[in-house]
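Below, each chain spelled out in residue letters.
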Amino acid sequence: MERDLPTIINAAGTLTRLSAGPLAPGVLQAMALADETSYDMAVLQAHASRCIADATGAQAGLVTSGAAAGLLLAGAAVLARLDVRRMNNLPLTDGPDEIIVARGHRNGYDHALRAAGAKLIEIGLPEPLSGAGIRDAEPWEYEAAIGPKTAAIFYVASRLAQPELIDVVAIARAHELPVIVDAAAELPPAANLRRFVGTGADLVVFSGGKALRGPAGAGLLCGRADLIMSAALQNLDMDIQFSRWHPPADFIDLARLPGLPRQGIGRSCKVGKHDVMGLLAALDHFVAEGDPTRHARWLSICETIVDGLGSSAPTEVKVSGSSDTECVPVVEMRFSDRDLADRFHRTLMELPTPIHLARHGFEPELLTVNPTCLREHEVEPLIEALKL
Ligand SMILES: *Cc1c(COP(=O)(O)O)cnc(C)c1O
């Protein structure tokens, strides 16, 4: 293959579009080890379930092909539960199929819930975004939207998310409805692995290719054992007869089923053994490394960049997040207006090895260098390019 394949320097963060970041130490070895042997995939996912349960405090877990796939499987789980006929019919539904979501939580990734067959019922008004209001969705609005067709409540976690998850969980509990939380990009802090489950969420998704530094095509779903069992049944390959299948009973309890579903709606986002083993190794490393060490590693890259720029910085440059070990520190470059920022970024992206920086929707004059995907050998060329 004598073709030239262009590469980039990704200083924009763990974006899927830019191939995410380098794998955590041990991940590639775990994937290589997976390659040396064979597994029964139900046994492998049952093992993953126990590892994910340990790391998250959830009853069970599943390695998925990304957080978005986790959302599709979560949707399939709350729509079908353990009803095999319903599993086979998805995305068509004849039972409860509505998932309530605050308008301010809507985003492109919730397409995955709709792909499973859910209808999203919107509530609330994100007034602060207009600058005219101070209120967002309120707990009573969730309560008021609940009816016989409600299957679940969907909540997108972020530092700014309103209302509080604990208030949404209380309402869902009162109506025996599951709460699905999208926490795809909510690591670090590592405490978030347990926070949403601890608050009472029934299913939580995390991306494996972001700060976890697992395979870019992996993620994890964790939560209640019966819902994870449903998700697994709709994701695992089902080309087997009921009487000949013996999955670990703590993961898939066949006594609760009349028979097996056919290939489920989640079969199209299958995971391979390499991704399962890689994700588990990444999870181990993420927990073991801890926030302070991880933050210090990123901060050192940021400081090297700021020091390296010295007086040749193209504009005002500073490190943000240097004292909060629960966040990702970044180098902020604030230009006097949006055009200058655009022009500077375009110059970087037209280099023989294009450099991508992070942009911020509400602050177009700001460019940031995110250290999470930078390799050591990329830092010097990055500094030289920023001096241009
Ligand atoms: C990144 C992201 C996803 C998708 O995660 P993948 O692992 O790439 O599928 C979903 N939701 C939110 C909020 C995200 O930031």
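That block above? That's the structure.
Quantities reported herein were computed from a predicted structural model and do not represent experimental measurements.

All right, on to the overall build of the protein chain then. What the protein chain contains, in helices and strands, is twelve helices and twelve strands. By the compact-globule yardstick of 21 Å for 388 residues, the protein chain fits well, its C-alpha radius of gyration being 22 Å. A buried classification covers 52% of the 388 residues belonging to the protein chain. Accessible area of the protein chain: about 18,000 Å², with a carbon and sulfur share of 52%. When the 35 basic and 48 acidic side-chain charges of the protein chain are each reduced to a single mean position, those positions are 5 Å apart.

In the vicinity of the ligand, the residues found are Thr 16, Gly 66, Ala 67, Ala 68, Tyr 109, Asp 182, Ala 184, Ala 185, Ser 207 and Lys 210. Asp 182 places a polar side-chain atom, nitrogen or oxygen, 2.7 Å from a nitrogen atom of the ligand. Separating an oxygen atom of the ligand from a side-chain N or O atom of Ser 207 is a distance of 2.6 Å. For the ligand, whose accessible area on its own is 390 Å², the fraction buried by protein is 84%. Split by residue class, the shell around the ligand holds five nonpolar, three polar and two charged.

So, about the side chain of Lys 210. Residue placement: Lys 210 occurs in the loop between strand 7 (203–207) and strand 8 (219–223). Of the side chains with opposite charge, Asp 182 comes closest to the buried, unpaired Lys 210, at an N-O distance of 6.8 Å. Those residues in contact with Lys 210 that lie beyond four places of it in its chain are Thr 14, Ala 184 and Ala 185.

Here the focus is helix 10 (residues 273–309). Compared with an ideal rise of 1.5 Å per residue, which puts 37 residues at 54 Å, helix 10 spans 44 Å between its outermost C-alpha atoms and falls more than 12% short. Positive backbone phi, at 50°, marks Gly 310, one or two positions downstream of helix 10.

By the definition in use, this model includes 25 salt bridges. For Glu 289, the salt bridge identified is with Arg 297, shortest N-O distance 2.9 Å. Relative accessible area serves as the criterion here: at 28%, Arg 297 is assigned to the partly exposed category. Here Lys 318 ties to Glu 332 by a salt bridge, and the two come within 3.6 Å at their closest N and O atoms. Remark: Glu 332 occurs in strand 10 (residues 330–334) and Lys 318 occurs in strand 9 (residues 316–320); sequence separation between them is 14 residues. Glu 332 gets classed as buried once you look at its relative accessible area, which sits at 14%.

In terms of residue burial, strand 11 (residues 355–359) counts as a mostly covered element, since four of its five residues are buried. One ladder, built from three bridges, connects strand 1 (residues 9–11) with strand 11; its direction is parallel. Within strand 11, the residue paired with Ala 11 across the bridge is Leu 357. For strand 11 and strand 12 (residues 366–369), the ladder comprises two bridges, and the chain directions are antiparallel. Bridge assignment links Arg 359 to a residue of strand 12, and that residue is Leu 367.

Before going further, it helps to examine the packing of helix 10 against helix 12 (residues 376–386). Look at helix 10 against helix 12: their axes get within 9 Å of each other, and the N-to-C directions meet at 40°. The angle between helix 10 and helix 12 places the two elements in the oblique class. Remark: the crossing between helix 10 and helix 12 carries right-handed chirality. In this structure, helix 10 uses Ile 301, Thr 304, Ile 305, Gly 308 and Leu 309 to contact helix 12, whose residues at the interface are Val 379, Leu 382, Ile 383 and Leu 386. Split by residue class, the contact of helix 10 with helix 12 holds seven nonpolar, two polar and no charged.

The subject of this paragraph is unusual backbone geometry. Residues Leu 90 and Pro 91 are joined by a peptide bond in cis, for which omega reads 15°. Looking at the secondary structure, you find Pro 91 in the loop between helix 4 (84–89) and strand 3 (98–102). A cis amide bond links Leu 187 with the next residue in sequence, Pro 188, at an omega value of -10°. If you trace the backbone, Pro 188 turns up in the loop between strand 6 (179–182) and helix 8 (192–199). In this model, Ser 19 sits at a positive phi of 75°, which is unusual for a non-glycine residue. Of note, the phi angle at Arg 213 is positive, near 60°, even though the residue is not glycine. Taking relative accessible area as the criterion, Arg 213 reaches 16% and is therefore assigned buried.

Moving on to the environment of Thr 7. Tracing the chain through its elements places Thr 7 in the segment before strand 1. C-alpha of Thr 7 to C-alpha of Leu 351: the two residues are 344 residues apart in sequence and 11 Å apart in space. Apart from residues no more than four positions distant in its own chain, Thr 7 is found in contact with Thr 353 and Pro 354.

Here we take up the sheet that holds strand 11. The sheet built from five strands is open, its strands ordered 1-11-12-10-9 with mixed pairing. The sheet is open, and its two borders are formed by strand 1 and strand 9, each paired with just one other strand. Shown here is a sheet whose adjacent strand axes are inclined to one another by a mean of 35°, direction ignored. Along the sheet, helix 10 makes contact with strand 9, strand 10 and strand 12, crossing strand 9 at roughly 165°. Seen against the sheet, helix 12 touches strand 1, strand 10, strand 11 and strand 12 and runs at an angle of roughly 75° to strand 11.

Conventions adopted
- Residues numbered from 1 in each chain as written.
- Predicted model: local features only at pLDDT ≥ 70, side-chain atom pairs only at ≥ 80, totals over all residues.
- Heavy atoms only, no water.
- Helix = DSSP H or I, 4+ residues; strand = E, 2+ residues; numbered from the N terminus.
- Rg over C-alpha atoms; globule rule 2.2 N^0.38 Å.
- Buried < 20%, exposed > 50% of the residue type's maximum accessible area, 1.4 Å probe, protein only.
- Areas by Shrake-Rupley, 256 points an atom, 1.4 Å probe, with all protein chains shown as cover.
- Lys, Arg positive; Asp, Glu negative; His and termini not counted.
- Charge placed at Lys NZ, Arg CZ, Asp CG, Glu CD.
- Near = heavy atom within 4 Å.
- Polar contact = N/O pair within 3.5 Å; in protein donor to acceptor, adjacent residues only side chain to side chain.
- Nonpolar A, V, L, I, M, F, W, Y, C, P; charged D, E, K, R; others polar.
- Salt bridge = Lys/Arg side-chain N within 4 Å of Asp/Glu carboxyl O.
- Contact = heavy atoms within 4.5 Å.
- Expected span 1.5 Å × (residues − 1).
- Pairing = 2+ DSSP bridges.
- Axes fitted to C-alpha atoms, helices over the stretch in contact; angles between N-to-C directions.
- Parallel < 35°, antiparallel > 145°, perpendicular 65-115°, else oblique.
- Left-handed = near helix turned anticlockwise from the far one by under 90°.

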